[in-house]
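Structural features, examined
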Amino acid sequence: MLLDGKKAIVTGASRGIGRAIALALARAGADVVVNYSGQAAAAEEVAARIRQMGRQAVTCQADVSIPAEAVKLVNAAVEQLGAVHILVNNAGITRDNLVMRLAEEDWDRVLEVNLKGAFNTIKAASRLMLKARWGRIINISSIVGITGNAGQASYAASKAGLIGLTKAVARELGPRNITVNAVAPGFILTDMTASLPENVKEKMLGQVALGRFGQPEEVAAVVVFLASEDAGYITGQTIVVDGGLTMQA
């Protein structure tokens, strides 16, 4: 198994892409800490699925935007699983609105969770990875962090910031055999996209070369690869998973 014996943390793992990532890492052999903010029952369901695979799984409630909570999360992984080899920063929120109508507190909260949250967990987990001289950090960005999107200034800024953070930390940690990469999903079939009106879905899909929404599992498969030894010479990169939406001529 690609990740046999590895210990992973996935933030925001109770649903959607985070859930798929946690399950895929376990399927590849990793033990997983399932982090959540408010969805305790959903997080426990993910952990139960992982245990059914014969892997260890623990849930940990933590708001990663708070430094002490991020440290608590990493400490829980060490106490329950014994180490942290893989960190997936997936936790994220949206507070969409046009810039002229965007409340300052909404801007701040999106940046705190999506960008500062990743900074906090990286700071806490990288200390352990540095000592072990091995690690994998994968940050879940978005294509809107590359292209921008009207009405999503705060979200786009946070996801673009994640790409910059990825590149900077990759340079810092590379000498210790720690890779840091980002994954930028496009239109992925989640609870949010499933609830969109049909005409909106059709318009979105008209921009996608493959003509369909992506599945969370297709994003998770890329994360598993980046977490493995097979990706040991890939760092500081942003892997786009968008069905051809943003391909360049």
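Residues numbered from 1 in each chain as written. Predicted model: local features only at pLDDT ≥ 70, side-chain atom pairs only at ≥ 80, totals over all residues. Heavy atoms only, no water.

**A few points about the UniProt feature "active site" (unreviewed entry) in the protein chain**
Put simply, the rule reads: UniProt positions are given in the numbering used here, feature names are shortened, and annotations may be inferred rather than shown by experiment. Numbering of helices and strands runs from the N terminus, with a helix taken as a DSSP run of H or I at least four residues long and a strand as a DSSP run of E at least two residues long. Any residue under 20% of the maximum accessible area for its type is buried, any over 50% is exposed, and the rest in between are partly exposed; the area is computed with a 1.4 Å probe on protein chains only.
In the numbering used here, UniProt assigns the feature "active site" (unreviewed entry) to Tyr155. If you trace the backbone, Tyr155 turns up in helix α6 (residues 153-173). Classification of Tyr155 by relative accessible area gives buried; the value is 16%.

**With respect to the pattern of salt bridges**
Working definition: two side chains of opposite charge can pair if their charged atoms are close together. Put simply, the rule is: By convention in these notes, a salt bridge is any Lys or Arg side-chain nitrogen within 4 Å of a carboxyl oxygen on Asp or Glu.
Per the stated rule, a full pass over the model turns up eleven salt bridges. For the salt bridge of Asp31 with Arg55, the shortest nitrogen-to-oxygen distance reads 3.4 Å. Of this pair, Asp31 sits in strand β2 (residues 31-36) while Arg55 sits in the loop between α2 (40-52) and β3 (57-61); the two residues are 24 residues apart in sequence, bridging distant segments of the chain. On the accessibility criterion, Asp31 (3% relative accessible area) is buried. Judged by relative accessible area, which is 17%, Arg55 ranks as buried. Glu218 is paired through a salt bridge with Arg212; the nearest N and O atoms lie 2.8 Å apart. When salt bridges with common partners are traced through the structure, they connect Asp4, Lys7, Asp31 and Arg55 into a single cluster.

**Quick look at the nonpolar core**
Selection criterion: Think of a nonpolar core as a cluster: buried Ala, Val, Leu, Ile, Met, Phe, Trp, Tyr and Cys residues, connected wherever their side-chain atoms sit within 4.5 Å. The contact criterion used throughout is that any non-hydrogen atoms of two residues lie within 4.5 Å.
With 37 residues, the main nonpolar core has Ile21, Leu25, Ile50, Val88, Ile138 and Val183 as its most contacted residues. Elements with a contribution of two residues or more to this core: β1 (7-10), α1 (16-27), β2, α2, β4 (86-89), β5 (135-140) and α9 (216-227). Considering every element that reaches this core, the biggest residue donor is α1, with eight residues. Setting aside its immediate chain neighbours within four residues, Val88 contacts Ile9, Val10, Thr11, Ile21, Leu25, Ile138, Ile140 and Val223. Judged by nonpolar contacts, the second largest core, of 27 residues, contains Ile9, Cys60, Ala91 and Ala124.

**Thoughts on unusual backbone geometry**
The phi dihedral of Arg133 is positive, around 60°, even though this residue is not glycine. Exposure remark for Arg133: the relative accessible area of 46% places this residue in the partly exposed category. With a phi close to 65°, Asn177 is a non-glycine residue in the positive phi region. Note on placement: Asn177 falls in the loop between α6 and β6 (178-185).

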